[in-house]
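Observations on chain architecture
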Amino acid sequence: MTTDATGERPGSTVVGLVLAAGAGSRMGRPKALVRGADGRPWVERAVRTLLDGGCGTVVVVLGAAADVARPLVPDHPAVRVVVADAWAEGLGASLRAGLVAVADGDRAPDDRSCDDDRSCDDDGARGAADAVLVTLVDLPELPVAAVRRLLEVDPPGPSGPHGGRRARLRQAVFGDRPGHPVLVGRAHWAPLAASLHGDRGAGAYLRSHGVERVECGDLWDGADHDRPAGPTR
């Protein structure tokens, strides 16, 4: 595993975030329940890929059939599950739930940076995590190499919560097509969450804030799986 000058793994202060809450209407079942040809659940594969790629911890956002999907999530001390109550509203609602859960779980007990409506002020500066790396459950071919590429150590920059990785926005692209994973620095968590409504994802926010495009087309095609095909069951 690559380390930076301090001996830390590149992603050791990054939380992986797996969005797996949707009903999967075109798939015919929630995608959190789908297994590959080898019998491994997609959600398990996503979690393992993020951990193997360097994320220090992983949060899985479930929604549809959450009680059935929960046992498919790896039982690992670095992994936890949250349920998006508003998952039926769409991807934006699930991402917002994930960002709030990461911020809530990352604050120290005496951290008062979040108010009663569960939005964060001061970018949660006292928390340990610098960023989240977001992926979707329906990307079973996501390679560990793509995760590592998004988590490459930043060059030296300004210190503090608004410098370095905490201010970063990075998105995997495949030629001209944006995709996942997406790295969201901590300074962006609150404003991004505030911009998410219903099925509106992060695309508009990323574009308006100058997201750094990271070419990953040499690693895999970045295609998601919306419909049953081949060996899925």
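Going along each chain's sequence as written, the residues are numbered from 1 onward. This being a predicted model, a pLDDT of at least 70 is required before a residue's local features are given, and a value of 80 or more before pairs of side-chain atoms are given or counted; all residues contribute to the totals for chains, interfaces and linings. As a rule here, side-chain values come from all non-hydrogen atoms in the structure, and water together with hydrogens is ignored.

**Considering the sheet that holds strand β1 (residues 14–20)**
Backbone-to-backbone hydrogen bonds join strands into a sheet, with any given pair of strands oriented parallel or antiparallel. Each pair of strands is called paired provided DSSP finds at least two bridges between the two strands. Put simply, DSSP H or I for four residues or longer makes a helix, DSSP E for two residues or longer makes a strand, and each gets a number counted from the N terminus. With respect to topology, seven strands assemble into an open sheet ordered β3-β2-β1-β4-β6-β5-β7, the strand pairing being mixed. Two strands bound the open sheet, and with one partner strand each, they are β3 (79–83) and β7 (212–215). Taken pair by pair, the neighbouring strands of this sheet meet at an average axis angle of 25°, ignoring direction. Here six bridges tie β1 to strand β2 (residues 57–62), and the two strands are oriented parallel to one another. Bridge pairing links Val-15 to Thr-57 in β2. The sheet strands contacting helix α1 (residues 42–53) are β1, β2, β3 and β4 (131–136), and the helix crosses β2 at an angle near 155°. In this analysis, two residues are considered to be in contact whenever any of their non-hydrogen atoms come within 4.5 Å of each other. The angle between two axes is taken between their N-to-C directions and runs from 0 to 180 degrees, where each axis is a line fitted to C-alpha atoms and a helix contributes only its stretch in contact. Running at roughly 150° to β1, helix α3 (residues 91–106) makes contact with β1, β2, β3 and β4 of the sheet.

**Notes on the packing of aromatic side chains**
Note on aromatic contacts: the rings of Phe and Tyr and the six-membered ring of Trp form a pair at centre separations within 6.5 Å, being stacked when their planes are under 30 degrees apart, edge-to-face when over 60 apart, and tilted otherwise. With the rule as written, the count across this model stands at one aromatic pair. With a centroid separation of 4.9 Å and an interplanar angle of 90°, the aromatic rings of Phe-174 and Trp-220 are classed as edge-to-face. One end of the pair, Phe-174, is in strand β5 (residues 169–174); the other, Trp-220, is in the segment after β7, with 46 residues separating them in the sequence. Take Phe-174 and Trp-220: they sit in the same class, and that class is buried. Working definition: with a 1.4 Å probe on protein chains only, accessible area under 20% of the residue-type maximum means buried, over 50% means exposed, and in between means partly exposed.

**Observations concerning the layout of surface pockets**
Over the atoms rolls a probe the size of a water molecule, and in doing so it shows where empty space is left. If you add up the space inside the largest pocket, you get close to 1000 Å³. Any residue with an atom within 4 Å of a point lines the site, the site being either a cavity, points on a 1 Å grid over the protein atoms alone where a 1.4 Å probe fits but cannot get out, or a pocket, an open set with protein on both sides within 12 Å along at least 5 of 7 lines. Forming the walls of the largest pocket are 42 residues, and the residues nearest its centre are Leu-91, Leu-136, His-180, Asp-199 and Asp-224. Elements with a contribution of two residues or more to the lining of the largest pocket: β1, α3, β4, β6 (177–185) and α6 (203–208). When residues of the lining of the largest pocket are assigned to their parent elements, the largest contribution, six residues, is made by β6. Grid points are joined across faces, edges and corners, and a volume is the space filled by probe spheres set on the points.

**Section: the confidence of the model for the chain**
Interpretation of this model should avoid reading the predicted coordinates in detail wherever pLDDT is low. pLDDT: the predictor's confidence for each residue, scored from 0 to 100. For the chain, mean pLDDT is 84; residues scoring 70 or higher make up 79% of the total. In the predicted structure, residues 1–11 sits below a pLDDT of 50 and forms 23 contacts with residues beyond four places in sequence or in another chain.

**What to know about unusual backbone geometry**
At the junction of His-180 and Pro-181, the peptide bond is cis and its omega measures out at 10° in the coordinates. Mapped onto the fold, Pro-181 is located in strand β6. A positive phi angle, close to 55°, is found at Ala-65, a residue other than glycine. Structurally, the position occupied by Ala-65 is in the loop between β2 and α2 (66–69).

**Section: the pattern of salt bridges**
What counts as a salt bridge is simple: a side-chain nitrogen of Lys or Arg found within 4 Å of a carboxyl oxygen of Asp or Glu. Taken as a whole, this structure holds seven salt bridges when the rule is applied. With a closest N to O distance of 2.7 Å, Arg-149 and Asp-218 form a salt bridge. One end of the pair, Arg-149, is in helix α4 (residues 144–150); the other, Asp-218, is in the segment after β7, with 69 residues separating them in the sequence. Residue classification places Arg-149 among the partly exposed residues on the basis of a relative accessible area of 24%. Across the pair Glu-212 and Arg-170 runs a salt bridge whose closest N-O atoms are separated by 3.2 Å. Within this pair, whereas Glu-212 is found in strand β7, its partner Arg-170 is found in strand β5, the two being separated by 42 residues in sequence.

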